[in-house]
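# Inside the fold
Here's the letter readout for the chains.
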Amino acid sequence: GKVYTNPMPSTWTVPRYILKQGQAAWDSIRKEWHMEVEGIDVPPPMKRFNDMKLPLPLIQALQKRNIKRPTPIQMQGLPVALAGRDMVGIAFTGSGKTLTFSIPLIVAALEEERRMPLLANEGPI
């Protein structure tokens, strides 16, 4: 099969105030929420959707569905996926894996739409 050496292109970056927290703070969050990670330069976990720099309408849509804060798989998985990195996420049924997979797809689609807007009668919609 194909071996990829670079992550998927992404404009998303970890906020500076999260980076300033440092490895010890990230390890503490991972220990508190029973997260195990392996890899090189793994993005830090984030305890709030706002920290992940998600678009406001997306955050509002989550809140409308009473999703107020990320679950542990989302705390770690969303930053990894938003950064364009590969990931294997293992968590219980109902833990939020589907959102961890789909939110980065929505963000990527919104970024693409901003770069190259659809014109009238163009595209599948």
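Refer to the structure printed above.
Let me begin by describing the structure that accompanies this report. None of the values given here were measured: they were computed from a predicted structure.

### Describing unusual backbone geometry
Backbone geometry places Asp41, a non-glycine residue, at a positive phi of 55°. Its location among the elements puts Asp41 in the loop between α2 (22–32) and α3 (56–64). On the basis of relative accessible area, Asp41 is assigned to the exposed category, the value being 67%. The phi angle at Asn66 is positive, at roughly 65°, despite the residue not being glycine. For Asn66, a relative accessible area of 55% gives the class exposed.

### As for helix α5 (residues 97–115)
Taking 1.5 Å as the rise per residue, α5 with 19 residues should run 27 Å; its terminal C-alpha atoms sit 28 Å apart, in good agreement. Taken residue by residue, α5 has Thr100, Ser102, Ile103, Pro104, Val107 and Glu111 as its buried positions. Residues of α5 that are buried sit in contact with α3 and α4 (72–82).

### Description of the pattern of salt bridges
Taken as a whole, this structure holds 4 salt bridges when the rule is applied. Note that Arg48 is salt-bridged to Asp51, the shortest N-O span being 2.8 Å. For Asp51, a relative accessible area of 6% corresponds to the buried category.

Thresholds applied
Residues numbered from 1 in each chain as written. Predicted model: local features only at pLDDT ≥ 70, side-chain atom pairs only at ≥ 80, totals over all residues. Heavy atoms only, no water. Helix = DSSP H or I, 4+ residues; strand = E, 2+ residues; numbered from the N terminus. Buried < 20%, exposed > 50% of the residue type's maximum accessible area, 1.4 Å probe, protein only. Expected span 1.5 Å × (residues − 1). Contact = heavy atoms within 4.5 Å. Salt bridge = Lys/Arg side-chain N within 4 Å of Asp/Glu carboxyl O.

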